[in-house]
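Summary of structural features
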Amino acid sequence: MKTIQELTRPNIWRLKPYSSARDEYKGAAASVFLDANENPYNCPHNRYPDPLQTELKAELAKVKKVSPDRIFLGNGSDEAIDLVYRAFCEPRVDNVVAIDPTYGMYQVCAEVNDVEYRKVLLDDNFQFSADKLLAAADAHTKLIFLCSPNNPTGNDLSRGEIEKLLARFDGLVVLDEAYNDFSEQPTFLAELDRHPNLIVFQTFSKAWGCAAIRLGMAFASPEIIGIFSKIKYPYNVNQLTQQQALEMLHRYYEIERWVKTLKEERKDLEEQFAALPCTVKMFPSDANFFLVRVTDAVRIYNYLVGEGIIVRNRNSVSLCGNCLRVTVGTRMENTKLIEALKKYKD
């Protein structure tokens with residue numbers, strides 16, 4: 001692969017990061033803080049949070065089995081997605097390549113950052129070809145985006161093709177594993193040492209049940225994490241989010257139980273959905289949702305809205321004509337959905 005300096009935008013490489021008051025304070029314990037123009041009242045919320053989330057990263061490292069210097073934490077995964085563009089892609093010069101269909105924010109961030117976004121269509125089984133992605137790339141391709149399990153298709157991407165891409169692409173491969181907790185496939189976190197061009201995204205929003213706290217994770221080489229830390233906003237993860245994440249890490253046994261339950265519910269819900277008259281085709285899922293082709297996605301979606309049930313209409317997405325994306329809920333929510341669809345008339 002190219003060196004990190006070759007991949008990084010020159011202005012970012014030269015950038016001297018903003019140094020906050022909490023960045024500069026190191027060493028012995030202190031009890032009087034008069035350095036950051038904070039209000040001395042309303043403790044503890046009057047103080048700025050740790051800008052590097054040191055305690056949280058130390059605890060997260062134990063669960064993820066990676067060193068803290070390989071972890072970046074952001075305001076949702078969307079912050080990390082935006083940062084890879086800002087760090088590595090020169091607007092109107094560089095480009096990125098991505099599978100299609102996939103998570104829409106990759107393209108939105110490309111457009112926000114004025115970076116060309118090249119789509120490569122998946123096959124009929126929602127799988128990709130490393131050769132086709134590489135054929136779409138050129139000397140100005142800095143990033144290739146993958147999502148596994150993919151959204152909205154729900155399936156794991158071929159591990160062999162991911163490995164081939166990592167071995168042959170001289171830029172950075174971004175692998176979004178937001179739904180990996182629900183998959184039987186192992187995470188690629190253990191492959192970071194073998195692939196210095198790999199960036200893995202994960203999130204607290206799905207298996208961890210913490211979408212509201214907006215905490216995304218990026219894992220990569222210390223050099224890449226250092227660049228993210230250099231250009232992020234000083235206090236990008238607030239103290240309330242850091243505290244809630246720490247509490248969830250101490251309840252990891254509960255997350256494992258939630259995942260087990262959701263996978264069981266997914267199997268049951270898929271079986272019931274497959275038997276519905278409006279179902280045309282079920283697509284296999286490795287996530288906490290599944291994609292289903294129905295007789296009329298727009299009409300069924302609107303019918304469910306009228307019943308107070310919200311699913312996702314993916315009819316306009318590539319390869320997803322007349323498809324709905326259905327998230328696995330509680331047993332009560334899933335039953336309400338099935339009962340409503342049993343009463344639906346074409």
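These numbers come from a predicted model, not from an experiment.

Section: the side chain of Ser 205
With respect to the element layout, Ser 205 can be found in the loop between β6 (198-203) and β7 (216-219). Residue classification places Ser 205 among the buried residues on the basis of a relative accessible area of 15%. Of the polar contacts made by the side chain of Ser 205, one reaches the side chain of Arg 214; its length is 3.3 Å. Leaving out residues up to four positions away in the same chain, Ser 205 has contacts with Cys 210, Ala 211 and Arg 214.

Side note on unusual backbone geometry
Cis geometry marks the peptide bond from Cys 43 to Pro 44; its omega dihedral reads 5°. Along the chain, the position of Pro 44 falls in the loop between α3 (21-24) and α4 (54-64). Look at the link from Asn 151 to Pro 152: it is a cis peptide, with omega at 20°. Inspection of the secondary structure puts Pro 152 in the loop between β4 (141-147) and α8 (159-168).

Notes on the packing of helix α5 (residues 76-88) against helix α6 (residues 105-112)
For any two helices packed against each other, the geometry is given by the interaxial angle and the distance between the axes. Remark: α5 packs on α6, axes separated minimally by 9 Å, with the N-to-C direction vectors making an angle of 45°. Classified by the interaxial angle, the pair formed by α5 and α6 is oblique. Along this stretch, α5 crosses α6, giving a crossing that reads as right-handed. Here α5 contributes Asp 78, Ile 81, Asp 82 and Tyr 85 to the contact with α6, which in turn contributes Met 105, Tyr 106, Cys 109 and Ala 110. Considered class by class, the residues forming the contact of α5 with α6 number 6 nonpolar, no polar and 2 charged.

Rules used in this analysis
Residues take numbers from 1 onward in each chain, read along the sequence in its written order. Local features in this predicted model are restricted to residues of pLDDT 70 or higher, and side-chain atom pairs are both shown and tallied only at a pLDDT of 80 or more, whereas totals for entire chains, interfaces and linings draw on every residue. Each side-chain value is worked out from all heavy atoms of the structure, with water and hydrogens disregarded. Only DSSP runs of H or I covering at least 4 residues are called helices, and only runs of E covering at least 2 are called strands; the numbering of each starts at the N terminus. Working definition: with a 1.4 Å probe on protein chains only, accessible area under 20% of the residue-type maximum means buried, over 50% means exposed, and in between means partly exposed. Definition of a polar contact: a pair of N or O atoms within 3.5 Å, with one able to donate and the other able to accept a hydrogen when the atoms are protein atoms, and with sequence-neighbouring residues admitted only if both atoms are side-chain atoms. Note on contacts: a residue pair qualifies if any of its non-hydrogen atoms lie within 4.5 Å across the two residues. Helix axes use the C-alpha atoms of the stretch in contact, all axes being lines fitted to C-alpha atoms, and the angles between their N-to-C directions lie in the range 0 to 180 degrees. These descriptions rest on fixed angle ranges, namely under 35 degrees for roughly parallel, over 145 for roughly antiparallel, 65 to 115 for roughly perpendicular, and the rest for oblique. We call a crossing left-handed when the near helix sits turned anticlockwise from the far one by less than a right angle, and right-handed when that turn is clockwise. Throughout, the ten residues Ala, Val, Leu, Ile, Met, Phe, Trp, Tyr, Cys and Pro are labelled nonpolar, Asp, Glu, Lys and Arg are labelled charged, and all others, Gly among them, are labelled polar.

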